[in-house]
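Below are the chains, spelled out letter by letter.
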Amino acid sequence: MNSAYLTHLAITFTIQLVLVGSFSFLFGGVGIPNLAHVSSVAVGAYTSALLALRFGWGFGASLLAAAVMGVASGLLLALLLRRVRSDYLAFLALEVQFLTTTILLNWPSVTRGAFGLPGIPRPGGLITPPEYLMLTAAVATIVIAVYWAILRSPYGRAMAAVRDDEVAASAIGKRAPSVRMTAFLFASAGAAVGGALLAHHIQFIDPLTFSVHLLALVLAGAIVGGVGSVPGMIVGTAIIVFVPELLRRTAAGSPDIAGALRQLAFALLILLVLLLRPRGLFGKIDVR
């Protein structure tokens, strides 16, 4: 592998770390498996891309706007899901995910629909892949450090109390709805930031960029690493980024075989983790 491709893999790892970390923070923190997580990723990506392409905003301003829009999308989603629990929450969240894709496909005046948004610029002064890697690594470090600090703080203990026993948490004065809402907002902001980084990295997005395939990768990373754990976020992300590359090189002569091996490996990996180690490698709660 040449240095350019290694740099690309490293950038992919840092961006996926933000996406996996934000999902793991919410699921491990308050026990909500938000299957509409990629909707916030899409909101952040399209916000940053549109502001850069149509209004010439700089990367810093568009990234901040993406985070704000991510918070707004998280607030809306939390309000939609606040009275739903268990399997119904997962079904409704998936419906929101599909609805987001439908809106992106059928709003061509803004999103260009299936034609997507090409030519998304890299940040000024960070044009080359190594320079962009430094930026994504810095942003990922900040995001994961914020999640780590929250999970270890008194507020993180309140999140854990709500996750483990909402009735007991309410009895000692913890307002479960507000705790869940705040966790939703932090997770959605992180997801939107990751979406913006992704858009400026690949420089082209369309609705299928944010399909169930991306959600499956995020879920795999969070479940294998273990939700609610910073080491789990890092290790799980490394597995979903680098294991497919090893499989691709194993079947380098046949792309079809490589693709099938990837899907089979992910399915077996998640199945084994759920059966043998339901908390993942470093997780705090069972995900079965």
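This section reports on the structure supplied with the text. Please read these numbers as outputs of a predicted model, since none were measured by experiment.

Definitions and limits used
- Along every chain, residues carry numbers that run from 1 in the direction the sequence is written.
- Only residues with pLDDT of at least 70 get local features here, since the model is predicted, and only at 80 or more are side-chain atom pairs given and counted; chain-wide, interface and lining totals rely on the full set of residues.
- Here the side-chain values reflect all heavy atoms present in the structure, with hydrogen atoms and water set aside.
- The salt bridge definition used is simple: a Lys or Arg side-chain nitrogen within 4 Å of an Asp or Glu carboxyl oxygen.
- Three labels apply to residues, based on accessible area from a 1.4 Å probe with only protein chains included: buried if under 20% of the type maximum, exposed if over 50%, partly exposed otherwise in between.
- In summary, the pairing rule links any two rings of Phe, Tyr or Trp, Trp by its six-membered ring, whose centres are within 6.5 Å, and it sorts them by plane angle into stacked for under 30 degrees, edge-to-face for over 60 and tilted for everything else.
- Starting at the N terminus, helices and strands are each numbered in turn, a helix being any DSSP run of H or I of at least four residues and a strand any DSSP run of E of at least two.
- Multiplying 1.5 Å by the helix residue count minus one yields the expected span of that helix.
- Residues belong to one nonpolar core when they are buried, are Ala, Val, Leu, Ile, Met, Phe, Trp, Tyr or Cys, and are joined through side-chain atoms within 4.5 Å.
- Residue contacts follow a heavy-atom distance rule, with two residues in contact if any of their heavy atoms lie within 4.5 Å.
- Only C-alpha atoms enter the line fits that serve as axes; for helices the fit covers just the stretch in contact. Angles between N-to-C directions range over 0 to 180 degrees.
- What sets the label is the angle itself: under 35 degrees gives roughly parallel, over 145 gives roughly antiparallel, 65 to 115 gives roughly perpendicular, and the rest give oblique.
- Whether a crossing is left-handed or right-handed is set by the direction in which the near helix is turned from the far one by less than a right angle, anticlockwise for left-handed and clockwise for right-handed.
- Throughout, the ten residues Ala, Val, Leu, Ile, Met, Phe, Trp, Tyr, Cys and Pro are labelled nonpolar, Asp, Glu, Lys and Arg are labelled charged, and all others, Gly among them, are labelled polar.

1. Description of the pattern of salt bridges
A pair can form between side chains of opposite charge whenever their charged atoms are brought close.
Alright, step 1. One pass over the structure, following the stated rule, counts 1 salt bridge.
Alright, step 2. Its salt-bridge partner being Arg163, residue Asp164 comes within 2.9 Å of it at the nearest N-O pair.
Alright, step 3. Judged by relative accessible area, which is 55%, Asp164 ranks as exposed.

2. Some thoughts on the packing of aromatic side chains
Alright, step 1. For the structure shown, the criterion picks out 4 aromatic pairs.
Alright, step 2. Relative to Phe242, the ring of Phe13 has its centre 5.9 Å away and its plane inclined at 25°; by these criteria the two rings are stacked. Linking Phe13 in helix α1 (residues 3–30) with Phe242 in helix α11 (residues 230–250), this pair joins segments that are 229 residues apart in sequence.
Alright, step 3. Look at Phe13 and you get buried, because its relative accessible area is 18%.
Alright, step 4. Among the residues examined, Phe242 registers a relative accessible area of 34% and is labelled partly exposed.
Alright, step 5. Geometrically, the ring pair formed by Tyr46 and Phe210 is tilted, given 6.0 Å between the ring centres and 55° between the ring planes.

3. So, helix α2 (residues 37–55)
Alright, step 1. Over its 19 residues, α2 runs 27 Å from end to end, which matches the ideal 27 Å to within 8%, given 1.5 Å per residue.
Alright, step 2. Of all 19 residues making up α2, 15 are buried, and the element is well covered by its neighbours.
Alright, step 3. Gly56 lies just past α2 and shows a positive phi near 70°.

4. What to know about helix α9 (residues 176–202)
Alright, step 1. Compared with an ideal rise of 1.5 Å per residue, which puts 27 residues at 39 Å, α9 spans 39 Å between its outermost C-alpha atoms and is within 8% of the ideal.
Alright, step 2. With respect to burial, α9 is a largely interior element, 20 of its 27 residues being buried.

5. Regarding the nonpolar core
Alright, step 1. Counting residues in each nonpolar core, the largest one holds 76 residues, and the members touching the most others are Phe25, Met159, Ile205 and Phe210.
Alright, step 2. For this core, the leading source of residues is α1, giving 13 residues.
Alright, step 3. Setting aside anything within four residues of it in sequence, one finds Ile205 in contact with Ala45, Tyr46, Ala49, Gly116, Leu117, Ile120, Ala199 and Phe210.

6. Re unusual backbone geometry
Alright, step 1. Here Arg112, not a glycine, exhibits a phi torsion of approximately 65°, which is positive.
Alright, step 2. Along the polypeptide, Arg112 turns up in the loop between α5 (108–111) and β1 (117–118).
Alright, step 3. With a phi angle near 65°, Gln203 is a residue other than glycine that sits in the positive phi range.
Alright, step 4. Residue placement: Gln203 occurs in the loop between α9 and β2 (204–205).

7. Points about the packing of α1 against helix α10 (residues 212–225)
Alright, step 1. The geometry of α1 relative to α10 is characterised by a closest axis approach of 9 Å and an angle of 70° between their N-to-C directions. One way to sum up the angle between α1 and α10 is to call them roughly perpendicular. Between α1 and α10 the crossing geometry is right-handed. Along the contact surface, α1 presents Gln16, Leu19, Val20, Phe23 and Ser24, while α10 presents Leu214, Leu217, Val218, Leu219, Gly221 and Ala222.
Alright, step 2. Partitioned by chemical class, the residues of the contact of α1 with α10 number 8 nonpolar, 3 polar and no charged.

8. Brief notes about the side chain of Ser39
Alright, step 1. With respect to the element layout, Ser39 can be found in helix α2.
Alright, step 2. If near-sequence neighbours (up to four positions away) are discounted, Ser39 is found in contact with Val96, Gln97 and Thr100.

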